Structure formats: structure tokens, C-alpha cells
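What follows is the residue order along each chain.
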Amino acid sequence: MTNDGKELLPQNIQSLWQEHAVEKSFPVLEDRVSADVVVVGGGLTGLTTAYLLAKEGKEVVLLEAGNLMTGTSGHTTAKVSVQHDVIYDEFLQRFGLEKTKAYYKANDEAFRWMKGMVEQHQIDCDWEEQPSYLYTTQDLSVDKLEREARAYEQLHIPGGVYEGQLPEYLNAQKAIVVPSQAQFHPVRYARFLLSECERLGVRLFEHSPAIKVNFGTLPVVHCRNGAEAQGDHVLICTHFPFVDTHGFYFARMHVSRSYVLAVESDVDKPDGMFLEIDPPQHSLRTAKAEDGTPLLLVGGEGHKTGQGINTHKPYEHLLSYASRAFGVKSVHYRWSAQDLVTNDKLPFIGPMTEQHRNVLVATGFRKWGMTTSAAAAHILARYVEGKEEESMFSPARFGSMKQLIRDNMDVAKHLVRGKFGLLQKHVDDIKPGEGDVVLHQGERVGIYREPEGKVHAVDTTCTHVGCEVNWNASDLAWECPCHGSRFDIDGLVLNGPAEKPLRVIDVDERIE
Ligand SMILES: Cc1cc2nc3c(=O)[nH]c(=O)nc-3n(C[C@H](O)[C@H](O)[C@H](O)COP(=O)(O)OP(=O)(O)OC[C@H]3O[C@@H](n4cnc5c(N)ncnc54)[C@H](O)[C@@H]3O)c2cc1C
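Read on for a plain summary of the structure.

Cut-offs used in this document
- Residues numbered from 1 in each chain as written.
- Predicted model: local features only at pLDDT ≥ 70, side-chain atom pairs only at ≥ 80, totals over all residues.
- Heavy atoms only, no water.
- Salt bridge = Lys/Arg side-chain N within 4 Å of Asp/Glu carboxyl O.
- Helix = DSSP H or I, 4+ residues; strand = E, 2+ residues; numbered from the N terminus.
- Buried < 20%, exposed > 50% of the residue type's maximum accessible area, 1.4 Å probe, protein only.
- Near = heavy atom within 4 Å.
- Polar contact = N/O pair within 3.5 Å; in protein donor to acceptor, adjacent residues only side chain to side chain.
- Areas by Shrake-Rupley, 256 points an atom, 1.4 Å probe, with all protein chains shown as cover.
- Pairing = 2+ DSSP bridges.
- Right-handed = clockwise from strand over helix to strand, strands pointing away.
- Phe/Tyr/Trp six-rings, centres within 6.5 Å; stacked < 30°, edge-to-face > 60°.
- Lys NZ or Arg CZ within 6 Å of the ring centre and 35° of its normal.
- Contact = heavy atoms within 4.5 Å.

1. Considerations on the pattern of salt bridges
Phase 1: Tallying each qualifying case throughout the model produces 30 salt bridges.
Phase 2: A salt bridge links E316 to K313; the nearest nitrogen and oxygen atoms lie 3.3 Å apart. Within this pair, E316 and its partner K313 are both found in helix 5 (residues 313–325), separated by three residues, close to a single helical turn.
Phase 3: The exposure class assigned to K313 is partly exposed, which follows from its relative accessible area of 36%.
Phase 4: R444 is paired through a salt bridge with E468; the nearest N and O atoms lie 3.1 Å apart. With R444 in strand 19 (residues 443–449) and E468 in the loop between strand 20 (455–459) and strand 21 (470–472), this residue pair connects regions lying 24 residues apart in the sequence.

Spelled out as C-alpha cells, the structure:
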């Protein structure tokens, strides 16, 4: 083994949960269907919403661009908790007592609903109650945790300052706790929702990417292959809303990527789920491999997506942290995923715009989408049933103008820096297995060379608003620093908001 132990990292990027992927497949939508409700997106938000509505007797069609549960919900760390990082003190300052209470209540009710589902239906999803801890290793952040604990008191959130001893290797100066939270296996849980959806008559379609919505009394979702789905309501549960003509969501959210390792260690199984509040925000929970081997999920190293970071490094940093902290025998899985953060940190759940109240959206879960997706599903279902007037999560709320300008300064910076940055490399400089942006015949071209030598070349201008994409070496993907769109080596869209692929360039033909 080398000093840094890098060879322990598995070659493949795959999440632990995908080992237990949804086995069943569903047809492609080929023609025109209509239903009471069209749900777009088959992650936890879409599946939970479809289930709730079907249970209320609604006719539901669900469209998924790829395979069900392979988006962020299949790449999460799956802590089910109302302890959403250090947030309650900040929300009290920003939104006041009533709104902050409402945020906590929505997530607490969602937690209880999920727990009730697991218990009532005996869902085999490794649901395990655990205390949830936030901790700091730095004197400077102790005060921040104490303020958060006072916010818990004010909001009647159980727990507060933790007087016990966290595992020594976390090196905690101070910790706060919320007892009786949970961790689970999100795909096993979703498989139950899916079987219930089928039983209740939800019509499910995979490999049916939606590209457009015609707004109106009966909105119509158009798929890439020309198929259409019409409903009284359309619910956009696609993570980043694929329709952004009216809401300007891209200007009101940023995308943050985090990394996870599933490691085997000789250390005693820690009791609890842990999150460090200072960067790189190490996260820890237990899990088990399909063969029952106990694992530790070590996460963190979050950053804004596509900002030119060497994406091998976060995995190496996590491995070196875990090796130092508790020792690593082997690494079973590694994966990364991204989530959306709104300018004011509250999710967007509700009608897309004031004018189009029958097209609704749920997004911006800030890496706390286990309870938030269940809360969102209940809110969306209430809107559909005409029971929800307006919620504090409504996307129509006024986003922070300061943050809006700051985020878009960032976009502008990447637009400009991307276009005019100096490029030193040419196609021949890219070695087998490498990717980078090169200068080719006066143009910026994104090159990936397979280990066997085949070259894949794309135009690096993102098809969303024209920023320049960067190479993500560990995921073999092109990523946009502005709004987080991701493309594969041949330019096909992996994650929106971009809808169109990057232009493929035939470099071989053009070599002078
Ligand atoms: C690394 C990481 C760790 C996390 N850990 C936690 C945690 O411990 N606890 C917690 O509470 N939260 C956590 N989260 C957040 C949580 O995982 C997400 O908020 C949640 O899974 C989002 O669910 P979703 O259904 O909204 O989105 P997704 O699961 O991404 O589902 C969206 C679906 O829509 C489909 N889709 C997209 N575009 C289209 C289209 N045009 N047409 C049709 N279908 C489309 C996608 O293919 C996808 O299947 C974490 C997030 C990350 C990134």
C-alpha cells in the first residue's frame, strides 16, 4: 500500500444504494396520455407525491428521464433528520419565530410520517433510530453551536448541548444533539413506494425525458420523443426544474456537490449520525453492505458544482481523513452527487409562478431532502386537492436581491473567465484516461481520451446560458460552474437545467 492509500479507492463510481437498484423496468411513453396529475421525476419527491395522490384516488402518470431512483435520491447519505446542519438560529434571525417553527414542524411531521410508513408496512429498509449530532473541532465555532442550541430551546426541538462523549477520533470541542432521528436505505424504501404506486394504478414511464410544458387550463408535458402527457396538474419533481422560462430558478439557486466513501474499518460502530459544522463538513453514519459487512459512510468536501476543482481530490481527502481518524481496511464504494440550494435556504415548493398555479415544483432541498421530499410531497398533494392556500415555501416568494446579484456575479465571472481563460493544451497533450479543455483550431474544445486511445470531443459551451463547462475527472463528466448542468463524455445531458446536449466535435477530421 502507498503512503496515501489511494489504491484503496475503487475504480468504479457507484453508490451503495445502487447495489439494490429498482430491478423492475417500465415502458417508454410513446404516445399521448392524460390523467388527473402528471408527475415528472422519479426520485423520492416524485414517488412519494405519486403515492399520496394515488392513495387519494387521483389518476397519476409518472415520467422519469432515466431509471427510477438513480438521481440524487440514489446517491444520498440518507440521514432522516430535522437537524439540517446549523440552520435554526439563522432562520430565527431571518424569518422570525412563526416561520422557523413552521419549517421545523413540516420536517418533523415528514419524519414522523416516514417512520409511521416504515413501521405500519414493515418496510425492509434498514430503518434505524439514531441520535443526530452536529459538532465542531474549533474553538471559534463553539459559540455558533451554543446559539443553535438556544434556538432548539426556543423552538421546543428536543435535544440541545450534548454533555456526553462523542467518539474520540472526531476530536469534538462541542456538540449538540437531536435524539431519535434515523438513517435508512433510500432505495429499499423507494421500492415499497413504487410497489404501492403500481398497486394503486399509477402509470409509470422510464426513459421518457420531458423537455417542455405547455401551460394552460390543462397543461401538457412534451417528451423528447414527441410523446405527450396532459393533466389537470403537472408536478415538476425533477430536482432542477427542467422548465425555467417563467421562474428564473437558475438565478435563485446554486448547485453544491458532495462526496461519499463507504469504508470498512476495525473501529467500534459509533452510536449516532454526525456532521461537522466547519468545512470540509465531514459527515459520518453507519450502514451495511449487501452481504452484511458493517460500513461507515464518510462524506463531505462539498463545493459548488463545476468550478474546475480536481474531483479526484475530494475522494483522496476523505480517504486520508478516515485513515487518520479511525483507520480504513477497504473502501467498498465511492460516489458523489449534487443538490440545490436556494438563495434564502428554504426549499421551493408550490406553483411555479403566480400565473400558472396548476404547474407546481419542488426543489432546493439543500442536502436535506429525506424529510424535505416527504414534506414537499404532502404540500404538493394538498395544492392538488385544493387544500393548500399558500405556504412559506412558495417559489413566488421574493428571493434575496443581494444573493441574487452575488450568484449572478459568479455566473458572469464564469461566463467571462471561461471564454477568455488562457489555454495551453492541445489535443495531443491529453493522455489516455485524461480529459481537459484544449485549444483546437482557435476554439475551446473539451477532450476526453479513453484509456484505449479513442478521443471524445465536445464544444465546451453549456447549452443552458452559455457558460464554459469544466472537466470532472472522477465522474468523467463535463460540468457547468454556473447552474450545475452536467454532460457525459459525448455531451449528453446527465443533469439539467440544460436540456440540449453539448455539440460534438469531430477533431480527427479537423486536424491540420
Ligand atoms: C451527497 C449528498 C448527500 C445527501 N445526504 C442527505 C442526507 O443524509 N439526508 C438528507 O435528508 N438529504 C440528503 N441529501 C439530499 C437528498 O438526497 C436530495 O435532496 C433528494 O434526494 C432529492 O430528491 P428528488 O426526488 O427531489 O431528486 P432526485 O432524486 O434527483 O430525483 C429527480 C428525478 O427526476 C428525473 N428527471 C430529471 N429531469 C427530468 C426530465 N426532464 N424528465 C423526466 N425526469 C427527469 C431524474 O432522472 C431523477 O430521477 C444529500 C444530497 C447529496 C448530494
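2. Focus: the site of the ligand
Phase 1: Near the ligand you find 32 residues, and of these T45, E64, S73, T77 and D339 are the closest.
Phase 2: At a separation of 2.9 Å, a nitrogen atom of the ligand approaches a polar backbone atom of G369.
Phase 3: Within the contact set of the ligand, an oxygen atom lies 2.8 Å away from a backbone nitrogen or oxygen of M370.
Phase 4: In isolation the ligand offers 1,000 Å² of accessible surface; the protein chains occlude 92% of this area.
Phase 5: Contributing elements (two or more residues each) for the shell around the ligand: helix 1 (44–55), strand 15 (330–342) and helix 6 (369–384).
Phase 6: For the shell around the ligand, the element with the most residues is strand 15, which contributes three residues.

3. Digging into the pairing of strand 2 (residues 60–63)
Phase 1: Burial along strand 2 is two-sided: V60 and L62 and V61 and L63, pointing in opposite directions, are all buried.
Phase 2: Sheet analysis places strand 1 (residues 32–40) next to strand 2, joined by four bridges and oriented parallel. Bridge assignment links V39 to a residue of strand 2, and that residue is L62.
Phase 3: Taken together, strand 1, helix 1 and strand 2 form a β-α-β motif whose crossover is right-handed.

4. Things to note about the packing of aromatic side chains
Phase 1: Inspection of the entire model under this criterion finds 17 aromatic pairs.
Phase 2: Aromatic pair Y51 and W113: ring centres 6.4 Å apart, planes at 50 degrees, arrangement tilted. Taken together, the residues Y51 in helix 1 and W113 in helix 2 (residues 88–121) connect sequence positions 62 residues apart. Note on accessibility: Y51 and W113 belong to one class, buried.
Phase 3: Three or more aromatic residues joined by ring pairs make a cluster, and in this case those are Y88, F91, F95, Y103, Y104, Y152 and F393.
Phase 4: Sitting over the face of the ring of Y315, R334 holds its NZ or CZ atom 4.7 Å from the ring centroid.

5. A closer look at unusual backbone geometry
Excluding glycine, most residues fall at negative phi; most peptide bonds, likewise, are trans.
Phase 1: P280 follows P279 through a cis peptide bond whose omega is 5 degrees.
Phase 2: Tracing the backbone shows P280 in the loop between strand 12 (273–276) and strand 13 (283–288).
Phase 3: At the junction of G496 and P497, the peptide bond is cis and its omega measures out at 15 degrees in the coordinates.
Phase 4: By secondary structure assignment, the location of P497 is in the loop between strand 24 (493–495) and helix 8 (507–510).
Phase 5: The backbone of D126 sits at a positive phi, close to 55 degrees, despite the residue not being glycine.
Phase 6: On the accessibility criterion, D126 (28% relative accessible area) is partly exposed.

6. Remarks on the environment of D490
Phase 1: Assignment of secondary structure puts D490 in the loop between strand 23 (486–487) and strand 24.
Phase 2: Spatially, the C-alpha atom of D490 lies 46 Å from that of S180, the residues being 310 residues apart in sequence.
Phase 3: Other than its neighbours up to four places away in sequence, D490 contacts H456, V458, L502 and V504.

Nothing here speaks to function; it is geometry throughout.
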